[in-house]
Amino acid sequence: MPKLDAINHRILRELSRDARQSNLDLAARVGLSPSACLRRVQDLERSGVIKGYRAVLDPTLIGVGFVAYVTVALNSHTKAAQEAFERAVARADEVRECHNITGTVEYLLRVEAADLAAYKHWHTEVLGVLPQVRSITTFVVMGSPKDDRA
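Residues numbered from 1 in each chain as written. Predicted model: local features only at pLDDT ≥ 70, side-chain atom pairs only at ≥ 80, totals over all residues. Heavy atoms only, no water.

K.L.:
Sorry, what's going on with the nonpolar core here?
P.N.:
As a rule of thumb, nonpolar side chains are buried together in soluble globular proteins. By size, the foremost hydrophobic cluster in this structure holds 19 residues, and its most contacted members are Val70, Val72, Phe85, Leu109, Trp122 and Leu127. Of all the secondary-structure elements, those providing two or more residues to this core are strand 1 (66-74), helix 4 (79-90), strand 3 (107-113) and helix 5 (116-127). Residue contributions to this core peak at 5 residues, all from strand 1. By size, the runner-up hydrophobic cluster in this structure holds 11 residues, among which are Leu15, Val30, Ala36 and Leu44. (Core = buried A, V, L, I, M, F, W, Y, C linked by side-chain atoms within 4.5 Å. Buried < 20%, exposed > 50% of the residue type's maximum accessible area, 1.4 Å probe, protein only. Helix = DSSP H or I, 4+ residues; strand = E, 2+ residues; numbered from the N terminus.)

K.L.:
Looking at this structure, how should I read the pattern of salt bridges?
P.N.:
Evaluation of the coordinates by the stated rule reveals 9 salt bridges. Across the salt bridge formed by Asp5 and Arg40, the nearest N and O atoms sit 3.0 Å from each other. You can see Asp5 sitting in the segment before helix 1 (6-17) and its partner Arg40 sitting in helix 3 (residues 34-46), a full 35 residues away along the chain. Since its relative accessible area comes to 23%, Arg40 is described here as partly exposed. Across the pair Arg110 and Glu112 runs a salt bridge, and its minimum N-O distance is 2.5 Å. Take Arg110 and Glu112: they sit in the same class, and that class is buried. (Salt bridge = Lys/Arg side-chain N within 4 Å of Asp/Glu carboxyl O.)

K.L.:
Can you walk me through the packing of helix 1 against helix 2 (residues 23-30) in this structure?
P.N.:
A pair of packed helices is characterised by two quantities: the angle between their axes and the separation of those axes. Here helix 1 crosses helix 2 at 130°, and the two axes come no closer than 10 Å. Relative to helix 2, the element helix 1 lies oblique. Judged by the sense of rotation from one axis to the other, the crossing of helix 1 with helix 2 is right-handed. For the pair formed by helix 1 and helix 2, the contact residues are Arg10, Ile11, Glu14 and Leu15 on the first element and Leu26, Arg29 and Val30 on the second. The residue makeup of the contact of helix 1 with helix 2, split by class, is 4 nonpolar, no polar and 3 charged. (Axes fitted to C-alpha atoms, helices over the stretch in contact; angles between N-to-C directions. Parallel < 35°, antiparallel > 145°, perpendicular 65-115°, else oblique. Left-handed = near helix turned anticlockwise from the far one by under 90°. Contact = heavy atoms within 4.5 Å. Nonpolar A, V, L, I, M, F, W, Y, C, P; charged D, E, K, R; others polar.)

K.L.:
Even after reading the chapter, I still don't get the side chain of Arg110, so can you show me in this structure?
P.N.:
Looking at the secondary structure, you find Arg110 in strand 3. A polar side-chain atom of Arg110 sits 2.9 Å from a polar atom in the side chain of Glu97. Every residue in contact with Arg110, bar those within four places of it in the chain, is listed here: Val67, Ala68, Tyr69, Glu94, Val95, Arg96, Glu97 and Arg149. (Polar contact = N/O pair within 3.5 Å; in protein donor to acceptor, adjacent residues only side chain to side chain.)

K.L.:
What exactly am I supposed to notice about helix 3 here?
P.N.:
Because each turn of an α-helix spans 3.6 residues, side chains separated by three or four positions in sequence point in the same direction. Helix length check: helix 3, at 13 residues, gives a terminal C-alpha distance of 18 Å against a target of 18 Å (1.5 Å per residue), a fit within 8%. Among all positions in helix 3, only Ala36, Cys37, Val41 and Leu44 are buried. Buried residues of helix 3 fall within an arc of 135° about the axis and therefore sit on the same side. Summarising the contacts, the buried residues of helix 3 are in contact with helix 1 and helix 2. Immediately beyond the C-terminal end of helix 3, within one or two residues, lies Gly48, with a positive phi of roughly 90°. (Expected span 1.5 Å × (residues − 1). Arc of directions from axis to C-beta.)

K.L.:
Teacher, can you tell me more about the packing of aromatic side chains here?
P.N.:
In this description, an aromatic ring pair is defined by two values, namely the gap between the centres and the angle between the planes. Summed over all chains, the structure comprises 3 aromatic pairs. Through a chain of ring-to-ring contacts, three or more aromatic side chains come together here, namely Phe66, Tyr119 and Trp122. (Phe/Tyr/Trp six-rings, centres within 6.5 Å; stacked < 30°, edge-to-face > 60°.)

Structure (structure tokens):
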């Protein structure tokens, strides 16, 4: 695992802002020669610190007009119930993130749908019929003044 010194942190910060920038531009921004910068990026990739690169999509241009965070409580706290729920959620294209959390519920989901009607259909016909689900609470996103996800 590479040492995460100040330069590596700057590399990671710059790549999280713009992973498509050239190595030459990245090197200039972090104060390294291009060859030294490339070696560090490759070390960060090989070690798994950098797990991959993604495109940031405009939700409205790809037909996503509704975003919600959904908490889900299960009716059973067994490993089998959790695994069954997680398999079902993994198959749902609407679920963009699934987090197993602590507290009064077991899961926090980030869900994207075309509109409220599409979300209601998914909520009722997909999530609501899972036998492991005890309760569902939806928090509709009205705006995102800060979103650093890549």
